[in-house]
Structure formats: C-alpha cells, structure tokens
Amino acid sequence: MIEKEEIMERLLIAVPSYKDRYERYIQENYELGEERLIYVDISDFVKHVIKCYQRKNTDEFDALFEVIEELHTNGDSFVKEFATVGILESLQNQLSDKNIEYSEIEKCLKPESKRWWNHVIDYWNGKTPYIGGPIKEQS
C-alpha cells in the first residue's frame, strides 16, 4: 500500500526533469525540518507538467500517468484522495487557466485515473455531491 510519504518520491522518479525545480521550490518555501504541505506543493509539480506539455516535452508522461494510476489503485485512503483532489483536480484547474483542452491530458490517463478525472468534472458540473471517497456504481 502506497502511503503519503511516498507520493513525491514516486512522482520524482517518473518525472526526473522536475527534480532540480522541486529542490529549489522546497528551499524557497520551507525551513529545515518544517512539515511539507503536499496539497500546496503539488501545484508547482502540475505547473511543471503543463510546461512540459506546452513545450511538447512529454517523454515522461507515460511514467507519470502510470504513477497516478498506481496512486489510485494501490494507495491508502489519503493517497487515493490526493491522486484525485491533489493531482487530477489541479491539472484540470491549471489546464483551464492555460486554455488547454482536457482531452489533451485525458488521452494519457489510465482507467482508474480516467474514472476519477470524470468524477471531478461531474462534481464541478453538479452531477455528484462530492469529489473524494468511493465512486458508487450507477444503476
């Protein structure tokens, strides 16, 4: 089971081009030993991913979206929710800010991640009352 402390490590392995930027980000935003706020930190990671997309530098995307899928399928409850609310929702928000169509990223998503991606969209469109938690099967 993947736990919170493993999230950034797994993302950095998948997207090594972010490593230097991440180290600078941590130095600029945290004192030594200070607790990191992963829901805040992920925004910078997503900015990097979107810049990679805009520059057509998507070589790391297969590994990245595989990790996001693993967070959804093998994470503890915090990790699963973070994969949706932290990563996917941040991606959607920042794509909108950059006028990039969701479909550009949707094609990279694996099945469980795609399911949660759509769930976030449904939430924002008023079709479901919540984002996190288990998805109930439609009858």
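Residues numbered from 1 in each chain as written. Predicted model: local features only at pLDDT ≥ 70, side-chain atom pairs only at ≥ 80, totals over all residues. Heavy atoms only, no water.

- Under an unreviewed UniProt entry, the chain has the name DUF7674 domain-containing protein and belongs to Paenibacillus cucumis.

Digging into the nonpolar core
Then comes step 1: Judged by nonpolar contacts, the single largest core of 39 residues is most densely connected at Leu11 and Leu91.
Then comes step 2: Secondary structure elements with two or more residues in this core: α1 (7-14), α2 (19-29), α3 (38-54), α4 (61-74), α5 (77-97) and α7 (111-124).
Then comes step 3: Per-element tally for this core: the top contributor is α3, with 8 residues.
Then comes step 4: Excluding residues within four positions of it along the chain, leucine 91 makes contact with Val46, Val49, Ile50, Phe65, Ile105 and Trp117. (Core = buried A, V, L, I, M, F, W, Y, C linked by side-chain atoms within 4.5 Å. Buried < 20%, exposed > 50% of the residue type's maximum accessible area, 1.4 Å probe, protein only. Helix = DSSP H or I, 4+ residues; strand = E, 2+ residues; numbered from the N terminus. Contact = heavy atoms within 4.5 Å.)

Some points on unusual backbone geometry
Then comes step 1: Although it is not a glycine, lysine 56 sits at a positive phi angle of roughly 60 degrees.
Then comes step 2: For lysine 56, the location among the structural elements is in the loop between α3 and α4.
Then comes step 3: Despite not being glycine, asparagine 99 has its phi angle at roughly 55 degrees, a positive value.
Then comes step 4: Considering the arrangement of structural elements, one finds asparagine 99 in the loop between α5 and α6 (103-106).

Thoughts on the packing of aromatic side chains
Then comes step 1: Throughout the structure, instances matching the rule amount to 8 aromatic pairs.
Then comes step 2: For the pair tyrosine 18 and phenylalanine 45, a centre-to-centre distance of 5.2 Å together with 85 degrees between the ring planes defines the contact as edge-to-face. In this pair, tyrosine 18 is assigned in the loop between α1 and α2 and phenylalanine 45 in helix α3, connecting sequence segments 27 residues apart. Residues tyrosine 18 and phenylalanine 45 agree in their burial class; the two are buried.
Then comes step 3: Taken together, a centroid distance of 5.4 Å and an interplanar angle of 75 degrees make the contact between tyrosine 102 and tryptophan 117 edge-to-face. Of the two residues, tyrosine 102 sits in the loop between α5 and α6 while tryptophan 117 sits in helix α7, which places them 15 residues apart along the sequence.
Then comes step 4: What makes tyrosine 102 partly exposed here is its relative accessible area of 24%.
Then comes step 5: Among the aromatic side chains, those forming a connected cluster through ring pairs are Tyr18, Tyr22 and Phe45. (Phe/Tyr/Trp six-rings, centres within 6.5 Å; stacked < 30°, edge-to-face > 60°.)

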